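# Topology and contacts: notes
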Amino acid sequence: MDMPIPNAAIVARKSAIVTRLRSVLPADAVISDPAETRAYECDALTAYRCAPMVAVLPRTTAEVAAILKICHEEQVPVVPRGSGTSLAGGALPTADCVILGVARMNAVLETDYDNRFIRVQSGRTNLSVTGAIESDGWFYAPDPSSQLACAIAGNIAMNSGGAHCLKYGVTTNNLLGVTLVQMDGTVIEIGGPWLDAPGIDLLGVICGAEGQLGVVTEATLRILPKPEGARPVLVGFNSNEVAGTCVSDIIKAGILPVAIEFMDRPCIRATEAFAKAGYPDCEALLIIEVEGSPPEIAEQLARIKAIALRHNPVEFREAADEDQAKRIWLGRKSAFGAMGKINDYMCLDGTIPVSSLPYVLRRIGEMSAAYGLDVGNVFHAGDGNMHPLILYDANKPGDLALCEAFGADILKLCVEVGGCLTGEHGVGIEKRDLMSVQFNPVDLEAQLRVKDVFDPAWLLNPAKVFPLDITAARRAG
Amino acid sequence: MRPASESELSEIILGAQALHIQGGGTRSVGHAVGEVLDTSGLSGIELYEPGALTLVARSGTPLAEIEALLASERQRLAFEVPDMRALLGRQGVSTIGGVVASNASGPRRVQVGACRDALLGVRFVDGRGDVIKNGGRVMKNVTGYDLVKLMAGSKGALGVLSEISFKVQAMPEASVALVAERDVPQGLADLRAALGSPYDISGAAWAQGRAMIRLEGMAGSVAYRAGKLQDLLGFKQAEADWAAIRDVTAFAARHGAVWKLSVKPTEAAALIHRLELEAICDWGGGLVWLLDPAGTADVRAAVAGFGHATLMRTIPGMIQPTFQPEAPAVASLTAGLREKFDPRGVFNPGMMG
């Protein structure tokens, strides 16, 4: 994975730039000592590391505006960072950049149940948004697996999803408004506690633009009253194909579970060895969760059971109580940890039409044999969002490159069957060079033009999302 | 001008000075000038997978054709498309492209989101004649920028849609309405309470002295939730005409300008009171339709700070922009996007100002 060569002229001006930043920020908000900037050298894609020139940790929108104004005048690239949990390298620095971390901006600014929204500073973590309102019976729906740590800023940048978005949608469907600081320091408000844009839907393109169009400092989020209860069931099958058909039949029957999770045999075996959740040893396993009051849950589960039994499952396990419900989720929630125990792994998130599931799983199995690397599949089956976990050994020379080549082949397969490279993690640097598999040059040029409007000098997170060769001229200014 | 393919569409755009893009011409607002570009030649459903809740159609496909096909599998477009023909005094056949270009969404928006939220992908031709694809046909997709949202509701300002992919929804087996006689403040307060309950309502409207709540889903679940809400709010089960709310039917045959306001719901009642205009409310007060017989009410000033207003139907002598003017920094981004995607200003000139 290449990154641009750092601009030596910028690095040479480091002390002057630091002096300017210190003049507008409190002393503890500017980090320039190389021993300390190393803390920002990577995000959750740890295979790639590079310490930034400077890191800044503002507390207010005004401070963010002052930082960006200076960086704009000095023509210094800026890499925004939420909590640094990106699996795609979205917050990977370059040696000539300023990392703008919003972690200290974590306040709740306004909670309004009557209008069903919360307004927070963007550095607040996903789970602590719900934490601020759950005692009153409310929650914020998007729930990425990293929700304990990940920030709303990063959720907006990547348009994050989660296990429960089958019913509630992803970030963009739950975002009402943002305060956005543009690269030149201009502060704008887009949206608010009302619906729809008066003109062109700028909020819709800002969400998911991976921090390339501006720095989001505050967000107005839709909140929802908590359902009365939830209950999972576990269904085991002797073939991936039958499990896939069962998912399709449930959806077609008009039942909308909040989650349908799928695990294949390698993944079931690994998690069973690790978490001992008591899963059946079968080819494919579904965890289906429904919500509502006890009679509503019973009504939905009866329908699901009737459909599942038509497909001759090897196991249909209901949860009689809270403890059994937890055991059903235990293996699924430990899946990543279990795979990590076996080896280093790379987690992809290509998305496919649900109908292609059996074919794609079979092809991944064939590729696994050809590459000599094991792979486990655990994913959100209801919406076709795959999560193949490819195991490799980081200490074995060449294994990472082999794993990346295998991963690229899986993502190409996703595109080939009508899907996409990434369903919820984002492109970052990880899938940057595969963008031309999914998009032709004209499709990509249209996206670059959007960035030209918001950030004409291409200073915001410039080396991400798009193949470097097609952005080179723009980044050079 | 009636292209039958993306390449013909591209050629027409490159050869044109000013185009007035039209699907069925059933929801035109504002004053577009130029030669009419009729998209009805770009018609046909290209893919429908009921088990994956996915439908792909060319932009000029009649809405009715899509709705009929979905109904044959007991499915539907979740966002409940309004029919604006009577209100706007239009004839014609509504196309799916027009629905998307106006982000047209009905009462169920409070539960399932707007048209924009049901879109999976688009193909469109911009003012440079470039054929552009964005999004796709899968349920989750964060690959590159979301130009799909940018196109939804853009009223043809950035390009002409040629193909659209949707996520569709299964029809519920049961639907029940709860109704109560209420004035505006109390009615909207009750609707907000229903939206703030765990009972997952799919409609929350007020019209002509009646507040209305809709519940949809499995029969047992609907009955359970209806019982809970009746206890909570004192509403009674009754017939309710959701299509009349969706289509603003009560204002169709009445004289006057019609405003569509998107507002912070708790501000709606006071705003209606201040303006002294007849109102229909949807989305728990988040959507307010106002009938302004004289066309003189200062709606834009009244809504400032907590929403925006679109002049959906005008009367002679009114001098008001159709769309809420944006703050200067936002307006310059919008203008910048239009300049990039339509550098010669071919699309719907004059409409968005």
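That block above? That's the structure.
Read on for an overview of the structure.

Conventions adopted
- Residues numbered from 1 in each chain as written.
- Chains lettered and ligands numbered in written order.
- Predicted model: local features only at pLDDT ≥ 70, side-chain atom pairs only at ≥ 80, totals over all residues.
- Helix = DSSP H or I, 4+ residues; strand = E, 2+ residues; numbered from the N terminus.
- Rg over C-alpha atoms; globule rule 2.2 N^0.38 Å.
- Buried ≥ 20, exposed ≤ 12 C-beta atoms within 10 Å, placed from the backbone.
- Axes fitted to C-alpha atoms, helices over the stretch in contact; angles between N-to-C directions.
- Left-handed = near helix turned anticlockwise from the far one by under 90°.
- Contact = placed C-beta atoms within 7 Å.
- Nonpolar A, V, L, I, M, F, W, Y, C, P; charged D, E, K, R; others polar.
- Pairing = 2+ DSSP bridges.

### Considering the overall build of chain A
- Summing up its helical and strand segments, chain A has 17 helices and 18 strands in all.
- The globule rule puts the C-alpha radius of gyration for 477 residues at 23 Å, and the 23 Å found for chain A is close to it.
- Its C-alpha atoms give chain A principal-axis dimensions of roughly 70 × 55 × 40 Å.
- Looking at chain A residue by residue over its 477 residues, the buried ones come to 55%.

### Here we look at the packing of helix α16 (residues 441-454) of chain A against helix α13 (residues 328-341) of chain B
- Across the interface, α16(A) lies against α13(B) with an axial gap of 9 Å and an inter-helix angle of 145°. Handedness of the α16(A)/α13(B) crossing: right-handed. From α16(A), R449(A), V450(A), D452(A), V453(A) and F454(A) reach across to α13(B), where they touch L333(B), G336(B), L337(B), K340(B) and F341(B).
- A per-class count over the contact of α16(A) with α13(B) returns six nonpolar, one polar and three charged.

### Things to note about the environment of V56(B)
All names here are of chain B.
- Mapped onto the fold, V56 is located in strand β4 (residues 54-58).
- The exposure class assigned to V56 is buried, which follows from the 21 C-beta atoms found within 10 Å.
- Expressed as a C-alpha distance, the spacing of V56 and I66, which sit ten residues apart in the sequence, is 9.7 Å.
- Every residue in contact with V56, bar those within four places of it in the chain, is listed here: E46, L47, R137, E163 and S165.

### What to know about the interface of chain B and chain A
- With 70 residues of chain B at the contact, the number on the chain A side is 73 residues.
- Sort the elements by how many residues they give to the side of chain B that touches chain A and α13(B) lands first, with eight residues.
- For the side of chain B that touches chain A, the per-class residue count stands at 33 nonpolar, 23 polar and 14 charged.

### Some details on the sheet that holds strand β10 (residues 174-181) of chain B
All names here are of chain B.
- Reading across from one edge, β13-β10-β12-β11-β15-β16-β14-β17 is the order of the eight strands in this open sheet, with antiparallel pairing throughout. Looking at the sheet topology across the chains shown, the edges are occupied by β13 (236-237) and β17 (307-313).
- Sheet topology places strand β14 (residues 257-263) next to strand β16 (residues 287-292); six bridges connect them, and they run antiparallel. Across the sheet, L261 pairs through a bridge with V288, a residue of β16.

### Considering the environment of W283(B)
- Position of W283(B) among the secondary structure elements: in the loop between β15 (278-282) and β16.
- Using a count of 26 C-beta atoms within 10 Å as the deciding quantity, one classes W283(B) as buried.
- Sequence separation between W283(B) and P265(B) is 18 residues, and the spatial gap between their C-alpha atoms is 8.2 Å.
- When near neighbours in sequence (up to four residues on either side) are disregarded, W283(B) contacts L195(A), R109(B), V110(B) and A204(B).

### Regarding the pairing of strand β8 (residues 175-181) of chain A
Residues and elements named next belong to chain A.
- In terms of residue burial, β8 counts as a mostly covered element, since six of its seven residues are buried.
- The pairing of β8 with strand β9 (residues 187-191) spans five bridges and is antiparallel. In the strand pairing of β9, G177 is matched with G191.
- Where β8 folds back on β9, the antiparallel hairpin that results is connected by five residues, among which G185 adopts a positive phi of roughly 95°.

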